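Single-letter residue listing:
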Amino acid sequence: MQPENSAEDWPDQIYGLLKDHGIRQVALVPDAGHSRLIKRCLADNDIKVVTLTTEEEGIGMLFGAWLGGEKGVLLMQSSGVGNCINMLSVAIAHRTPLPMIVTMRGDYGEFNPFQVPMGNATQTVLEAMGTLVKRADTPEDIAPTVNATLRMAYNSYRPTATLIGQRVIGAKTFGK
Amino acid sequence: MAQMNTKIETGATGKLLRRTVVAALLEDRAGMLCIAGLGAPAWDITAAGDCPENLPLWGGMGGAAMMGLGLALAQPERKVLVITGDGEMLMGIGSLATIAVQHPKNLSIVVLDNEHYGETGMQETHTHHGVDLAAMAKGAGIGDCRLVKTPAEVLALRSAIHAGAGPIFAQVKIDEQTLPLVLPPREASILQARMREAIMGKAAHLQ
């Protein structure tokens, strides 16, 4: 049964928050959980969408964006967090905002064993590198949590992250 | 072109001297923003004259070119020059593909290629064994890719960078001699804040 409220619209709600916060650069390595949000951003001429070869490129890019006075956000899957760890030192040392929106794999009912180690470690390693991490495990929690993540990044000049739980997105089953 | 004060020189090996290359590229820069990769390139841009438009990096190895992309996209009317080393560029080599797809006209990437990791004991990098960075940039889709070995080629590169006909990628073969350190400020919050203020004025601190 489909929910009657707008809970399923959370990608559109995130898009609305990106607009409210004046986000102009969206750096990403695609994840299925972000596909609807990515489509909304691609359709917006005021947002520069940059697909990366690896997630850590986004850390450097958003630092450059801030140098030039533009706000940005990094979209990725939890496995991509592992590709970012040392580069997070750039935002810490320079004291610059770095909001990240992470869709979780290896988190809740995962099918693929390769996703589990990084999924299980995502919050720990981000926090070990000085990132403020908040989780959203229901559709209703996502927009307020992303809002807080954007606000804390731009109010306190540091890396912040929302982790969107696999319980919301659903586990990929590969037909099993 | 007006007379340049910098004389672009070569060393005993016949290869270009890095600090004369950097000084030439940055002379009469007209507000051009410069990000320098960690290690010797950061000391090189500082030796050319520390200023708010310079962002010398103390870390973030592999990220310099992408920082240049974010800055170039945010400030399309400003020229952005990334100066980095061969080891730093190799670590972020995929970013050349990302940059080529974005096609920022105001971004130039100059790799000072001494074929060694200079800060860690001069171990050889892949470029010492024939890896061709300019060909990799070309393969990524960057239109203007150059291998630079002579003072005349440095002057031509400088003209192209200052003309804003990017994206430009240049692999500049340089003398491997280690030079005295010329250190920039190490407090990185100052480095970012001064560049932001140079671009946006005091309003930068109220964003």
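Residues numbered from 1 in each chain as written. Chains lettered and ligands numbered in written order. Predicted model: local features only at pLDDT ≥ 70, side-chain atom pairs only at ≥ 80, totals over all residues. Heavy atoms only, no water.

## Notes on the overall build of chain A
The secondary structure content of chain A amounts to 8 helices and 6 strands. When the elements of chain A are put in sequence order from the N terminus, they spell out α-β-α-β-α-β-α-α-β-α-β-α-β-α. For 176 residues, the compact-globule estimate of 2.2 N^0.38 gives 16 Å, and the C-alpha radius of gyration of chain A, at 15 Å, lies within 12% of that figure. Projected onto the principal axes, the alpha-carbon positions of chain A cover approximately 45 × 35 × 25 Å. Expressed as a percentage of its 176 residues, the buried residues of chain A come to 53%. At a minimum sequence separation of 6, the contacts of chain A that also span at least 24 residues come to 75%. Summing over all exposed atoms, chain A offers an accessible surface of approximately 7500 Å²; the carbon and sulfur share of this is 50%. Across chain A, 16 positive and 18 negative side-chain charges occur, with their mean positions spaced 3 Å apart. (Helix = DSSP H or I, 4+ residues; strand = E, 2+ residues; numbered from the N terminus. Rg over C-alpha atoms; globule rule 2.2 N^0.38 Å. Buried < 20%, exposed > 50% of the residue type's maximum accessible area, 1.4 Å probe, protein only. Contact = heavy atoms within 4.5 Å. Areas by Shrake-Rupley, 256 points an atom, 1.4 Å probe, with all protein chains shown as cover. Lys, Arg positive; Asp, Glu negative; His and termini not counted. Charge placed at Lys NZ, Arg CZ, Asp CG, Glu CD.)

## Quick look at the nonpolar core
Residues L74 and M100 of chain A together with I109 and F169 of chain B are the most contacted members of the largest nonpolar core, which totals 57 residues. A per-element tally of this core places helix α3 (residues 64-74) of chain B first, with 8 residues. In this structure, L74 of chain A is in contact with A27, L28, L52, E55, G58, I59, L62, C84, P99, M100 and I101 of chain A, ignoring residues within four places of it in sequence. Among the nonpolar cores identified, the runner-up in size contains 26 residues, and I23, L28, I47 and I142 of chain A belong to it. (Core = buried A, V, L, I, M, F, W, Y, C linked by side-chain atoms within 4.5 Å.)

## A word on the sheet that holds strand β2 (residues 48-51) of chain A
Sheet strands pair by backbone hydrogen bonding; their relative direction is either parallel or antiparallel. Residue and element names in this part refer to chain A. Taking strand neighbours across the sheet as the criterion, the 6 strands line up as β2-β1-β3-β4-β6-β5 in an open arrangement whose pairing is parallel. At either margin of the open sheet sits one strand with a lone partner, and together these are β2 and β5 (132-136). Averaged over all pairs of adjacent strands, the angle between strand axes in this sheet comes to 20°, irrespective of strand direction. Direction of pairing for strand β1 (residues 23-28) relative to strand β3 (residues 71-77): parallel, over a ladder of 5 bridges. Its bridge partner lying in β3, Q25 is registered against G72. (Pairing = 2+ DSSP bridges. Axes fitted to C-alpha atoms, helices over the stretch in contact; angles between N-to-C directions.)

## Considerations on the interface of chain A and chain B
Tallying the contact residues gives 26 residues for chain A and 29 residues for chain B. Across the interface of chain A and chain B, roughly 2100 Å² is buried in total on both sides, 62% from carbon and sulfur atoms. The largest contributions to the chain A side of the interface with chain B come from W66, L67 and H94 of chain A, which together make up 28% of the buried area. Between the two partners, chain A and chain B, sit 0 salt bridges. Looking at the side of chain A that touches chain B element by element, the count peaks at 8 residues for helix α3 (residues 56-67) of chain A. (Buried area = accessible area lost by both parts, 1.4 Å probe. Salt bridge = Lys/Arg side-chain N within 4 Å of Asp/Glu carboxyl O.)

## Considerations on the packing of α3 of chain A against α3 of chain B
Where α3 of chain A meets α3 of chain B, the axes come as close as 6 Å, and the angle between the chain directions of the two elements is 40°. What the angle tells us is that α3 of chain A and α3 of chain B run oblique. Of the two elements, α3 of chain A crosses α3 of chain B, and the hand of that crossing is right-handed. Of α3 of chain B, the residues touching α3 of chain A (which contributes E57, G60, M61, F63, G64, A65 and L67 of chain A) are M66, M67, G70, L71 and A74 of chain B. Residues of the contact of α3 of chain A with α3 of chain B, tallied by class, amount to 8 nonpolar, 3 polar and 1 charged. (Parallel < 35°, antiparallel > 145°, perpendicular 65-115°, else oblique. Left-handed = near helix turned anticlockwise from the far one by under 90°. Nonpolar A, V, L, I, M, F, W, Y, C, P; charged D, E, K, R; others polar.)

## Focus: the environment of G106 of chain A
Residue and element names in this part refer to chain A. Here G106 lies in the loop between β4 (98-103) and α6 (116-128). Taking C-alpha positions, G106 is 6.5 Å from N120, a pair spaced 14 residues apart along the chain. Discounting residues that sit within four places of it in the chain, G106 has contacts with Q115, V116, G119, N120 and Q166.

## Thoughts on a nonpolar patch on the surface
Residues and elements named next belong to chain B. Taken together, the side chains of W58, L181 and L183 present a nonpolar region at the surface, about 310 Å² in accessible area. Note that W58 resides in the loop between β2 (54-56) and α3. Assessed through its relative accessible area of 33%, W58 is described here as partly exposed. (Patch = residues over 30% accessible without salt bridge, like charges linked within 9 Å, V, L, I, M, F, W, Y side chains within 5 Å.)

## Describing helix α6 (residues 133-140) of chain B
Residue and element names in this part refer to chain B. All of the buried residues in α6 are L133, A134 and A137. Relative to the axis of α6, the buried residues are bounded by an arc of 100° and lie together on one face. Looking at the buried positions of α6, the neighbouring elements they touch are α4 (86-91), α5 (95-102), β4 (107-113), β7 (144-148) and β8 (168-173). Measuring from the side-chain oxygen of the N-cap residue of α6 to the backbone nitrogen of A134 gives 3.2 Å; that N-cap residue is D132. Following α6 by one or two positions, G141 adopts a phi angle in the positive range, close to 115°. (Arc of directions from axis to C-beta. Polar contact = N/O pair within 3.5 Å; in protein donor to acceptor, adjacent residues only side chain to side chain.)

## Things to note about the layout of surface pockets
Over the atoms rolls a probe the size of a water molecule, and its path tells where empty space is left. Its boundaries defined by the atoms lining it, the largest pocket holds a volume of some 390 Å³. Forming the boundary of the largest pocket are 26 residues, of which G39, A40, Y117, G118 and E119 of chain B lie nearest the centre. Residue assignment for the lining of the largest pocket shows that the elements contributing at least two residues are α1 (18-26), α2 (40-47), α4 and β5 (116-117) of chain B. A volume near 290 Å³ is recorded for the second largest pocket. Lining the second largest pocket are 17 residues, and of these D31, A32, G33, I169 and G170 of chain A lie nearest its centre. Where the lining of the second largest pocket is concerned, the elements lending two or more residues are α1 (10-20), α2 (35-42) and α8 (166-169) of chain A. The dominant element in the lining of the second largest pocket, judged by the number of residues it contributes, is α8 of chain A, at 3 residues. Grouping the constituent residues of the lining of the second largest pocket by class yields 7 nonpolar, 5 polar and 5 charged. (1 Å grid on protein atoms, 1.4 Å probe; cavity = no way out; pocket = protein on both sides within 12 Å on 5 of 7 lines; lining within 4 Å. Points joined across faces, edges and corners; volume = space filled by probe spheres on them.)

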